[in-house]
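Observations on the model geometry
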Amino acid sequence: MATVETTPGRHPEFVSYADGEKFGKIADAPIGYGHMKRKEDARFIRGLGDYTDDVRLPGMLHSAILRSPYAHATINSIDTSAALAHPKVAAVIIAKDLETLGLAWMPTISYDTQAVLAGDKVRFHLQEVAFVIATDAYAAQDALQLIEVDFDVLPAIVNCRKALDPDAPLIRDDKVGQTDNLASPMWEAGDKSNCDRVFGEADVVASRTLLDPRSHPCPMETCGMVADMNPDTGQLNIYNANQAPHAHRTVYAQVAGLPEQNIRILCNDIGGGFGNKVPVYPGYVCAIAGSIVAGAPVKWMEDRSENLASTGFARDYLMHAEMCSKGGKITGLRVDTIADHGAFDSTAQATKFPAGFFHIVTGSYDLQAAHCQVKAVYTNKAPGGVAYRCSFRITEAIYCVERMVDALAMEMNVDPVELRMRSFIRSDQFPYETATGWVYDSGDYAKTMKLAMEIADYEGLRAEQQEKLAKGEMMGIGVAFFTEGVGAGPRRHMDILGLAMNDGAELRVHPTGKAVVSLSAQTQGQGHETTFAQIVAEELGISPNEIMVRHGDTDKTPYGLGTYGSRSTPVSGGAVAVVSRKVRDKARQFAALMLETRAEDLAWEKGRWFVRGDPERGASIESIAEYAYSTTNLPEGLEGGLDANAVYDPPNLTYPYGAYISVVDVDPGTGKVHMRRFIAVDDCGVRINPMVVEGQIHGGLVEGIGQALMEVISFDDQGNCLNASFMDYLLPTALECPEHGLELGETVTPCPHHPIGAKGVGESACNGSPPCITNAVVDALYHAKGIKHMDMPCFPARVWAAMNGNAQPVQ
Amino acid sequence: MIVNISINGQMQSHDVEPRLLLVHYIREYAELHGTHWGCDTSNCGICIVLMDDPVSDQPPYPVKSCTMLAAMAEGYEITTVEGMAAPDGTLDPIQMGFHEMHALQCGFCTPGMMSTGRWLIERHPNPTQMTDHEIRDGISGNLCRCTGYDNIVKAIRWAAAYIEEHPESARTARA
Amino acid sequence: MQTPAPCEYSRATSVDDAIAQLDKLGGNARILAGGYSLIPMMKLRLANPGHVIDINPLERELNYIREEGDEVRIGPLTRHVNMLESDLLDRVFPHIFREAEAVLADPVVRNRGSMGGSLCQSDPAEDLSGVIVALKGQAVLRGPGGSERVVEMDEFHLGPYMTCIQPTEMLVEVRIPKRQGFGGAHEKVERRAGDFAIVAASSAVAIEGGKITWAGVACSAVGPTTLHIERAEQALVGQAPSEDLFAECGQMAAADCSPNSDGRGPADYKRHVAGVLTTRALSRAAATAMR
């Protein structure tokens, strides 16, 4: 079997600018934190990335999936004979073939089961029905048209409220004992009776029903896999872009009954993830089964329609919320939510939190009481509920609370910034325990809010809005202040499928003083190869250019749960800092030997240990490394070499936050929203590489523009997915973003419990921007027309309807 | 049918089905994997390559290689991301600009985005004076999910400025 | 990635050769121009021609924009970018072509996508068709043996993805009459840049001596084909331009169009927008005509 050298071994030298002196700046890398251009760029700008569809193995076969044209139907029969007769078809797999392998159903990450291929029934539009393996991808698609399936169509449910009707058709009749469409029991957080008391004493109560509509993470690279089972050795190599390779390996071992040590997952480059590449999908199981059946490597690459219509969607939370105030300040919040999980509950959550971290819904405010309850339902829609650039439903929570603060401000007739400033958790209240039980680490919210107002010229914008209003023009100013909890998480509270949410790191400093650090986190574009090298550099004083970051190969990296929920820096970054300090401590022992002194008499400065009081007497990390591998003078208890391992168990989540302000203009004639400005001030604690941090914020903001203004997965009454291509699932282009650029600012409040004080930033912008933009659109509607609410997405027809008092949520 | 296409200055000749899309000719037959694909409906621009009509005096222009049959590309010169740098490895200014300005994250849209960016500079009478709108409109057929586009706009500007300062770097696929 | 069904490919050596091939293949073949309409349909297997005839080798012959007498003639392989950048078109028909082409798909599509491909796709939401309908262009269709017929745009488009072109015919030219005192404008509302229109309005007037002497008013995406708003055209001719008149025409457009509800919006919204955009387009067209 072929193997591929996967980790970043293909770095061409980066010296080839025409004017190297002026422009070839990689040599200027900081020894530690600071602006540094990315090491991984070298291969990407030359087209040398190595993505799943780039994998070529000898004898590799291709595949395609036949999908259901109906959202809900009984399968009477499947005739694959004509497809099998196609000269290029190697095999066709249907549910009953998988049954013999024990692979017809697979567990989801929320302890439900999901059909790999539908056998008895199809339960959502475009569900997987048959898997065709052929010698080329075109032929596999041709053969799909030769398969005959006899369906009996059943009524479909695509409305989460209707799913709860007593006479609604039972969607999961495959589950023993399931008598209704509830996917999980009601889950709640907060003190209900105290909350009712606070509402009873309130001056003003605002009430809204909010839909955070179904959207899709939609990375530019679709999902796919090459499965390569060696029938002679039983070794299974899996080439697959996924965000949690170690967890996937454990799942495959458990599902397929394969010995875990025989499974090797190779995540090469990943063309974006955003949560979409966390779950295990039916196509993956089919590819593995296909490789077992066909005795050859099998590639499955989904097309864009399959990606949008069948793999992990996001959101789909219907929230009835009330927020109240007393004495001009927010005092209470209660939320009753229905979560639409689709046909199978494969939401991404930590086990003990069936509604994820939704109960962080109290946001950035010092409330007297809060209560939230969530029930989850099955519908005839695709499964998923992945955390799309989101720490387990925090996006929904932030959308809820930030829309509600604006709603309450409208009822109170007070400026929305003013209400936030009055109600913030004060900086002297940290660590702060919220009404639903979270302990926030640190913050100075008012400072961050004020900076955003300053950059935006908030007062000036409000004055401009009044001038525009007088001329019949509609302008809206939106505000959001979010607090996220990220970096799951402490093992005493958090696991997925029983696996504690920790991450490992392994650091080897070679005899020449160069290093390799291996991670369990998995980059999908976040720049790990640069920033994690910078963490080691900061701790050890080795240039980040001389530190290779290895990831994406389960045979060569330590165990850990991967990259999602902004976990990389908070958890994996913690592991890398800790392992670097272990190496530094070991280096101290060697330095003491080299300098013929006691270890406790040595002091550290970046890159060297020296004798306290005699700074000239010291040893550099390079010389220590050489000594560590060569000395024969090893005392009892000190092993040769300079390396270490760590597993980081975070003591708490980290709590990044930010103040966002957006400005929109709405065409009163057509309802079209023009995104004029976006101001984002983020506080994510210590910034390792400000350039990378800002890049993360840029991307998240524009994903928020998409969710707020144009992206939605919707269904017709028959359950057909209406947004299964880029013709109808609209990602923002450069033209939908503020023409002269996004406006960023920063404050830095370090995390007190994190080894380097960082909080994580990957998802912040995607959390704060949807309510910020929606608030801006509603602000425009309110000032011009007195309209107090509309749901996302705010595309022209929907804004016009809202303008005319007909705001409706999408289905 | 035999389809002959010049890609990055090398004549390729492969026996393919007439329905084969150019993107698959490039990826599967010429084995140049730097050109990616991202949708089924010609919307995303991930698969963009530069195409030069040898009989035209226009500079090479971007085309969506998923929306051409390979057979249609006979007679044209195709430049993919692998052909952007000089044979000695010297990067094209657009490649430098994307690195300098952090205009890529996952790297998946980057080859197509750089191709379009290179063309915008090449065709503009005064590239350093391109407006924000001109650049944004120019890349509106290229979707990127990671960067939010701001740094891509800056990278295209960076490359335009570099070319002005270093005219010798302004090679085109035809040169 | 979705891929086309099996299909044969050939190149045309001349227009007559292309038509002879169509004739020989008997309805199973399609002309392939820029490809940006037909190939996506083939990938989705919504179009499954057994054979495509590539006319791109005829670029020199079929890519042109020229004035001939009192007409402007456009070749079928004229790329969208050529129309966008054509000084001739913008001189004879100020603004309207440029505005429509600037919002048609995206620049990369416009590099290859052709006038003929766009018109023959007969998508009622397509921008260029809106302009050519508003300007009352004519399509020249050639059949076997060199026979030609000239049809009005209203007869050319029969419905979504349906034209009057016979399987053995090819669109070989579009002819647009020139007008004295011309002004035109194209207004579009879309969900996102590059998307097909929710509604678009193409309007043009000729104004001489302070009176409207000719008017062309068309709306896209509000009917089975691009619609002429004939009542508005009649109401305009002979009148002095005024905002009230244009608002009245907008109301006619809203009343006379026949939109469907779909993912881009409900019918009542589209009706409303057809009115708003028609009024805006007429107002700007008149301002241009009176410059």
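Now for a description of the structure that goes with this document.

What counts and what doesn't
- Residues numbered from 1 in each chain as written.
- Chains lettered and ligands numbered in written order.
- Predicted model: local features only at pLDDT ≥ 70, side-chain atom pairs only at ≥ 80, totals over all residues.
- Pairing = 2+ DSSP bridges.
- Helix = DSSP H or I, 4+ residues; strand = E, 2+ residues; numbered from the N terminus.
- Axes fitted to C-alpha atoms, helices over the stretch in contact; angles between N-to-C directions.
- Contact = placed C-beta atoms within 7 Å.
- Nonpolar A, V, L, I, M, F, W, Y, C, P; charged D, E, K, R; others polar.

**Some details on the sheet that holds strand β5 (residues 77-79) of chain B**
Residues and elements named next belong to chain B. With mixed pairing, five strands are arranged side by side in an open sheet as β2-β1-β5-β3-β4. Every other strand in the sheet has two partners, leaving β2 (10-15) and β4 (61-64) as the edge strands with one partner each. Across the sheet, the axes of successive neighbouring strands diverge by a mean angle of 40°, strand direction being ignored. Summarising the sheet, strand β3 (residues 48-52) and β5 pair through three bridges and their orientation is antiparallel. Bridge pairing in β5 links L50 to T79. Lying on the sheet, helix α3 (residues 110-123) is in contact with β3 and β4; it crosses β3 at an angle near 40°.

**Thoughts on the environment of A:S764**
All names here are of chain A. Note on placement: S764 falls in helix α19 (residues 764-785). In this structure, the C-alpha to C-alpha distance between S764 and E484, residues 280 residues apart in sequence, is 7.0 Å. Apart from the residues lying within four places of it in its own chain, the contact partners of S764 are E484, P656, G658, D682, C684, I697 and G700.

**Comments concerning the sheet that holds strand β6 (residues 121-122) of chain A**
All names here are of chain A. Spatial strand order, β6-β2-β8: three strands in an open sheet with antiparallel pairing. The strands lining the two open edges of the sheet, one partner per strand, are β6 and β8 (148-153). In this sheet, β8 lies alongside strand β2 (residues 73-79) in antiparallel orientation, the contact comprising six bridges. Each residue of the ladder has a partner; that of A73, found in β8, is V153.

**Description of the interface of chain C and chain B**
Each side of the interface is counted separately: chain C has 24 residues, and chain B has 26 residues. For the side of chain C that touches chain B, the elements supplying multiple residues, two or more each, are β1 (8-11), α2 (38-43) and α7 (107-112) of chain C. When residues in the side of chain C that touches chain B are grouped by element, the largest group, five residues, is from α7(C). A per-class count over the side of chain C that touches chain B returns 13 nonpolar, six polar and five charged.

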